[in-house]
Protein chains: 6
Amino acid sequence: MASAILVVTAHVGDFVWRCGGAMALHAQRGVDVRLVCLSYGENGESNAAWQANPDGARDEVKQVRRAEAEAAAAILGAAGVDFYDLGDYPMPESPDAVRRLSQTLRAVRPAAVITHPEHDPSNLDHCRAYDMVLRARMQAMAPGHGADYIVPPQVLCFEPHQSELCGFKPNLLLDISAVWEQKQRAMQAMATQRNLWAYYERVALQRGAQAGRRAKTTATAYAEAYQSIFPAVVPAFVE
Amino acid sequence: MASAILVVTAHVGDFVWRCGGAMALHAQRGVDVRLVCLSYGENGESNAAWQANPDGARDEVKQVRRAEAEAAAAILGAAGVDFYDLGDYPMPESPDAVRRLSQTLRAVRPAAVITHPEHDPSNLDHCRAYDMVLRARMQAMAPGHGADYIVPPQVLCFEPHQSELCGFKPNLLLDISAVWEQKQRAMQAMATQRNLWAYYERVALQRGAQAGRRAKTTATAYAEAYQSIFPAVVPAFVE
Amino acid sequence: MASAILVVTAHVGDFVWRCGGAMALHAQRGVDVRLVCLSYGENGESNAAWQANPDGARDEVKQVRRAEAEAAAAILGAAGVDFYDLGDYPMPESPDAVRRLSQTLRAVRPAAVITHPEHDPSNLDHCRAYDMVLRARMQAMAPGHGADYIVPPQVLCFEPHQSELCGFKPNLLLDISAVWEQKQRAMQAMATQRNLWAYYERVALQRGAQAGRRAKTTATAYAEAYQSIFPAVVPAFVE
Amino acid sequence: MASAILVVTAHVGDFVWRCGGAMALHAQRGVDVRLVCLSYGENGESNAAWQANPDGARDEVKQVRRAEAEAAAAILGAAGVDFYDLGDYPMPESPDAVRRLSQTLRAVRPAAVITHPEHDPSNLDHCRAYDMVLRARMQAMAPGHGADYIVPPQVLCFEPHQSELCGFKPNLLLDISAVWEQKQRAMQAMATQRNLWAYYERVALQRGAQAGRRAKTTATAYAEAYQSIFPAVVPAFVE
Amino acid sequence: MASAILVVTAHVGDFVWRCGGAMALHAQRGVDVRLVCLSYGENGESNAAWQANPDGARDEVKQVRRAEAEAAAAILGAAGVDFYDLGDYPMPESPDAVRRLSQTLRAVRPAAVITHPEHDPSNLDHCRAYDMVLRARMQAMAPGHGADYIVPPQVLCFEPHQSELCGFKPNLLLDISAVWEQKQRAMQAMATQRNLWAYYERVALQRGAQAGRRAKTTATAYAEAYQSIFPAVVPAFVE
Amino acid sequence: MASAILVVTAHVGDFVWRCGGAMALHAQRGVDVRLVCLSYGENGESNAAWQANPDGARDEVKQVRRAEAEAAAAILGAAGVDFYDLGDYPMPESPDAVRRLSQTLRAVRPAAVITHPEHDPSNLDHCRAYDMVLRARMQAMAPGHGADYIVPPQVLCFEPHQSELCGFKPNLLLDISAVWEQKQRAMQAMATQRNLWAYYERVALQRGAQAGRRAKTTATAYAEAYQSIFPAVVPAFVE
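Residues numbered from 1 in each chain as written. Chains lettered and ligands numbered in written order. Predicted model: local features only at pLDDT ≥ 70, side-chain atom pairs only at ≥ 80, totals over all residues. Heavy atoms only, no water.

Chemist: How would you explain helix 3 (residues 58–76) of chain E if you had to name every residue and give the values?
Modeler: Because an α-helix completes one turn every 3.6 residues, residues spaced three or four positions apart along the sequence face the same direction. All names here are of chain E. With 19 residues, helix 3 ought to run about 27 Å at 1.5 Å a step, and its terminal C-alpha atoms sit 27 Å apart, in line with that. For helix 3, the set of buried residues is Val-61, Lys-62, Arg-65, Glu-68, Ala-69, Ala-72, Ala-73 and Leu-76. Take helix 3 and look down its axis: the buried residues cluster within an arc of 130°, on one side only. Across helix 3 from its buried face, at more than 90 degrees, point the exposed residues Asp-59, Gln-63 and Ala-74. Close packing links the buried residues of helix 3 with helix 1 (14–28), strand 2 (32–37), helix 2 (47–52), strand 3 (82–83) and helix 6 (180–189). (Helix = DSSP H or I, 4+ residues; strand = E, 2+ residues; numbered from the N terminus. Expected span 1.5 Å × (residues − 1). Buried < 20%, exposed > 50% of the residue type's maximum accessible area, 1.4 Å probe, protein only. Arc of directions from axis to C-beta. Contact = heavy atoms within 4.5 Å.)

Here it is, written out as structure tokens:
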């Protein structure tokens, strides 16, 4: 069985800006990259779509965002996108969605789940996604919910829009230089949020500069930052 | 359009003790001061009313507290009080109330929302109010919920009853000396909670003493403390 | 009226490992020790029961755990066990359970409630239990919910499985050497979780070693660690 | 041998405002109350003395403050005052003072040391005092510095001038109502700092109000707040 | 007397990258902008100078950096640079430098001091600078060190190289769009550290994007982030 | 050039209890394991030696501890021990020792430095060691202190005696099962501190149990916990 990672985001755009590099990199290495978008971000993160179409039906906005997400996911090598369509701004609690997510965890058996950090006062949907991941993780490891229960995976939080506001403390920098071109194309597939393209290119450059200092090489041009929630078990510190 | 601030509290008494000075001060300056009380505080913060009337109907207690709040709000110059009557001790979650609050945000378009801080282990209604404000703020800024969406306002948390227990870290001290007399009258309008009058007079004096040290004047006799949640954009540090 | 303490745990096993010593010690001193288990832990903390009986009905697993909890509680001197049967992994929100818990608080009038700490990313049921205790505590102190309202009790959090992961900061070490034999027997009554016996014996020995250093005696062999949520009012620091 | 507590403050005034109640209370109970003042506070906390005597020699200011401290200590029942005269604003590091403090710890063998909290950005002398206490505590427990080494005492931090600025988190409220009159007289003995009298009376009233809520009595009029640094070993939670 | 701000940095480059915008902006407004560089950064932040001149005398490196700092300060409108030449990597403690800094504070009487944040595990010189500023601030406000003592100024910490690593929590965003061209020229005057030019241009753009969201304008292209240490006394929240 | 790690401890015993497993494991893998002991721990961590020999000269105690450390280091496969003999309880500041440590860093060029965590109120020598490591790391990376400057290594903090008291937050669990027998022998070589043998065996078992849960294997019997200070640059999350 191939190893796998699962990405869970609140809105369709989130995966591209924050962990598109990790998705492309692992897909390139043969890891099964799965993606769940809990909402289309149709209410709060599709401003250009509403501006272009002020009288448009909500379903049209959703279709636009769905198409963008599918295109971006394909560029990054993900195995499709699972849309939960929970609604956003704010996203409601949903025990059903937690159960569905736990079933995905049992089926995919990922080594790590990548999602939003715990805190974000400017966007509680992100906190909701984090909470749902932790809840689904519990449900997936419980024998009482089915004999296919799993060993609980690591949870890796990607970088939020304003890291200090969210108490985000990255302890991992992932070198994504090798897949930057893919990430950039995936960002460009998100035409509705083109206002974020330059911002997240700069984020990748800043994290790349920081990684270059630590990795003892100047070859790291682009990176993504992550915070792991659980201690990692390691066989050694130095090869 | 006049500038505005919106105060959102869990119980009717909260606005007087904690931000009555800010309300009076801004009303005096011509700012539109709006007030939402999520509950009457009838269960947990109306002890004297229940003692006076042990067999009293809950509605009578609510009426007493409503009248007190309206009187205090008038003294402070607020444009009436919007009562949501959600119940208290504990206050339930209410997506409807969040929606209603978001509509108020869209209508009032306040420069700042003043509410409870995030944490308070002794009073989870306060945390609920904070959470509802942040949730309503998201809903108000989302184009998908209506074309009258707003730029999200600053959120200012007022001082809780026991600041250290709540992790409250004030970064703003508001000089309320000029409106102290009004705040004191508003406190006295809250006859049901007369046990708090002296306590909050001392709070104002302590914050005034701290402000006096920092403001390079001994003229600050009374102040209120606030913690801003989001970074403030400023044109300069020094005039 | 005898003094009392109330223990509230998310799953049946929790009280034995984490505060079995406190229960036995206080029961021995004549304190009324009450116990609420919010769930049987049938889904997520009964692995051996499911392995032994893979096709077993959920009710059979619950019966096994119920019997174990009753046996352990009896060994520790608790006055029975109140089972709420809310389900687990994850445990749902339940305003009814909060109300029931508040009624127990009003009836028992405990000096302290012992429960889980606030944070635990690996087990949100524990956070739910903490939250329900704080919510019930509010409901129990509100005159509007009945004239038998109480002065709010101290809340003491016992040690979680991985203290640093939960931000647990113990400020009290309880010497349980005198009741260690009882605690050990109670642990052994939890046959379904025998994988935890040695782990929690070592926890008791480590806390005992730490207490021995501070208590100026080497006689403390076993201890339990607690974190108090509210400031304690004390008559003096030194006898 | 009578039990003892040791108070260590950066400046002469500190002990009166922040732990004068604890001193009087323990002295009244027969506890040996010892006091070390690391400086006279002659530079930074004697403003009135310099205003009264702008051309005065530094020694005169020190004498004034020394006399005040001795008078206040006597009122509170302390066994004299040990003045280290390290200078203030800022207070220098002093391994000699640490050694002297460790010798006092060995001689007095206090159950607790009462001193400033760890952090205070507005007054680094307070941090220096905390640091010196912890350093002296190590030196006093080391056999290599003499066979009369001690079991390390608890460290209790009293309330700083602005608690939130210092990250102060009180977990103990000491009821000082019974000795309030003594504390007030001791404050009045500090004539140089009369600007602080009312401020610290209000501090005592606020902490008293908080203690009254928790202690289930309205008889607590005055209290002092403390934060313990090390876990306390306790025999039980409820009598 | 014109209002003033004082900038204190550990190394010569620091002021340009982190608060060059604030300096230019306030100078433009007629504020007296003073600058102290505690070291030339000759050991640890002049890599290109050593590479260009591997056998060069230390004094030559210092001269290069001094010239760059003077040129940059002139571009930003500062009233010269005060070089303390304490040495770096690591910077030693220096009571003499603290005293000198306190004399500058007494002479300049700034409304705010701008310096490094408190924590930075990768660069303890920055922590030393912060510590020296707080110590000098105490010395400057103490009557015992001279009758020209000051009311203590606000301390504003500028953004460190890796904000999350330093626990930096900005609460102020300063719009520097109007002076960006000056800041960029000042950065270019620091030829020895040209490797940082692009990094800090991106920092300014990211903070500008964040400020634009909050300031309700898209006109904010460039900003700097700051964290205030002490509560600010404000006359109102809304104009 | 072989890869290397450098261990820096305050007292001779520290390396055995806290990172003896890491030392043995890396030595076994061919990594060059270097060890610096800043003091012999002769004053505060050699109680048995003083009890055995109350009139003994300090030098005799040092010799005992030196011999124990050399024996333990040999068992663990370290390349000797570098003793700085700074004295302990408390350990003084020493710019000379920082410089010497920076020269070792330049010579050894370790991939990681393993040392104490930042905070420990019960043992400030541990904080001093951490501080000296960070300071030496700066000095070692500065071209101005010599052309053999290094890329700064990761810093890994090992587990302190009481993790919660020190704010220790482990993010790495190192499986030391394969070298446990060596670690145990090294602990036994520290005859002066035999009171700690059982304590640290239990620490290893607890961390082993935690690692076993996360590593999806029950084969991890023994582990050590570490906290990394700087973000790690990683090529992927999943192999």
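Chemist: Tell me what's going on with the sheet that holds strand 1 (residues 4–9) of chain A, and back it up with residues and numbers.
Modeler: The eight strands lie next to each other as 3(A)-2(A)-1(A)-4(A)-5(A)-7(A)-6(A)-8(F), forming an open sheet whose pairing is mixed. The open sheet has two edge strands with one neighbour each: strand 3 (82–83) of chain A together with strand 8 (232–234) of chain F. (Pairing = 2+ DSSP bridges.)

Chemist: A description of the packing of aromatic side chains should follow, citing residues and the corresponding values.
Modeler: One pass over the structure, following the stated rule, counts 30 aromatic pairs over all chains. On the numbers, 5.8 Å between centres and 25° between planes, the contact of Trp17(A) with Tyr200(A) is stacked. Of the two residues, Trp17(A) sits in helix 1 (residues 14–28) while Tyr200(A) sits in helix 7 (residues 197–214), which places them 183 residues apart along the sequence. Note on accessibility: Trp17(A) and Tyr200(A) belong to one class, buried. Judged by centre distance (5.2 Å) and plane angle (65°), the ring pair of Tyr199(E) and Tyr200(E) falls under edge-to-face. As far as the burial class goes, Tyr199(E) and Tyr200(E) line up, both buried. An aromatic cluster of at least three residues, connected via ring pairs, comprises Trp17(A), Tyr199(A) and Tyr200(A). Stacked on the ring of Phe230(E), the Lys or Arg Arg137(E) has its end atom at 3.8 Å from the ring centre. (Phe/Tyr/Trp six-rings, centres within 6.5 Å; stacked < 30°, edge-to-face > 60°. Lys NZ or Arg CZ within 6 Å of the ring centre and 35° of its normal.)

Chemist: How would you explain the relation of the copies chain A and chain B if you had to name every residue and give the values?
Modeler: When chain A is fitted to chain B, the best match, at an RMSD of 0.0 Å, comes from turning it 120° and sliding it 0.0 Å along the axis. Between the two chains, the operation in question is that of a three-fold axis. No C-alpha of chain A lies nearer the rotation axis than that of Glu93(A), which sits 6.3 Å from it. A share of only 5% of interface residues in chain A that are also interface residues in chain B marks the association as one of differing surfaces. (Least-squares fit on C-alpha atoms with pLDDT ≥ 70 in both.)

Chemist: Which residues make up unusual backbone geometry, and what values go with them?
Modeler: The peptide bond linking Tyr89(D) to Pro90(D) adopts the cis configuration, its omega dihedral lying at 0°. In this structure, Pro90(D) sits in the loop between strand 3 (82–83) and helix 4 (95–108). Of note, Tyr89(B) is a non-glycine position whose phi angle comes to about 55°, a positive value. Secondary-structure assignment places Tyr89(B) in the loop between strand 3 (82–83) and helix 4 (95–108). Given a relative accessible area of 5%, Tyr89(B) falls into the buried group. Notably, Asp85(C) is not glycine yet its phi reads approximately 55°, a positive angle. Note that Asp85(C) resides in the loop between strand 3 (82–83) and helix 4 (95–108).

Chemist: Would you mind going over the state of the cysteines in detail, with residue names and values included?
Modeler: Residues and elements named next belong to chain F. Going through the model one piece at a time under the given rule, you end up with zero disulfides over all chains. Among the cysteines around Cys-157, which has no disulfide bond, Cys-166 carries the closest sulfur, lying 11 Å off. Its relative accessible area of 1% is what places Cys-157 among the buried residues. (Disulfide = S-S within 2.5 Å.)

Chemist: Quick rundown of the interface of chain F and chain A? Include the residues and the values.
Modeler: Counting from both sides, the interface comprises 35 residues of chain F and, opposite them, 35 residues of chain A. Counting each side, the surface lost to burial between chain F and chain A is near 3,200 Å², with a carbon and sulfur contribution of 66%. Run the count over chain F and chain A and you get zero salt bridges. Where chain F meets chain A, there are twelve residue pairs in polar contact (both at pLDDT 80 or more). At the level of elements, helix 1 (14–28), strand 6 (172–175), helix 7 (197–215) and strand 8 of chain F are the ones that each hand at least two residues to the side of chain F that touches chain A. Class assignment of the residues belonging to the side of chain F that touches chain A gives a composition of 25 nonpolar, three polar and seven charged. (Buried area = accessible area lost by both parts, 1.4 Å probe. Salt bridge = Lys/Arg side-chain N within 4 Å of Asp/Glu carboxyl O. Polar contact = N/O pair within 3.5 Å; in protein donor to acceptor, adjacent residues only side chain to side chain. Nonpolar A, V, L, I, M, F, W, Y, C, P; charged D, E, K, R; others polar.)

Chemist: So what about the sheet that holds strand 7 (residues 223–228) of chain D? Which residues, and what values?
Modeler: Within the open sheet, the eight strands sit side by side as 8(C)-6(D)-7(D)-5(D)-4(D)-1(D)-2(D)-3(D). Their pairing is mixed. The two strands at the open ends of the sheet, each matched to only one other strand, are strand 8 (232–234) of chain C together with strand 3 of chain D. Pairing between strand 2 (residues 32–37) of chain D and strand 3 of chain D: two bridges, direction parallel. Considered in strand 3 of chain D, the bridge of Val36(D) is made with Asp82(D). Against the sheet, helix 1 (residues 14–28) of chain D contacts strand 1 (4–9), strand 2, strand 4 (112–115), strand 5 (154–158), strand 6 (172–175) and strand 7 of chain D, and its axis sits at roughly 95° relative to strand 7 of chain D. (Axes fitted to C-alpha atoms, helices over the stretch in contact; angles between N-to-C directions.)

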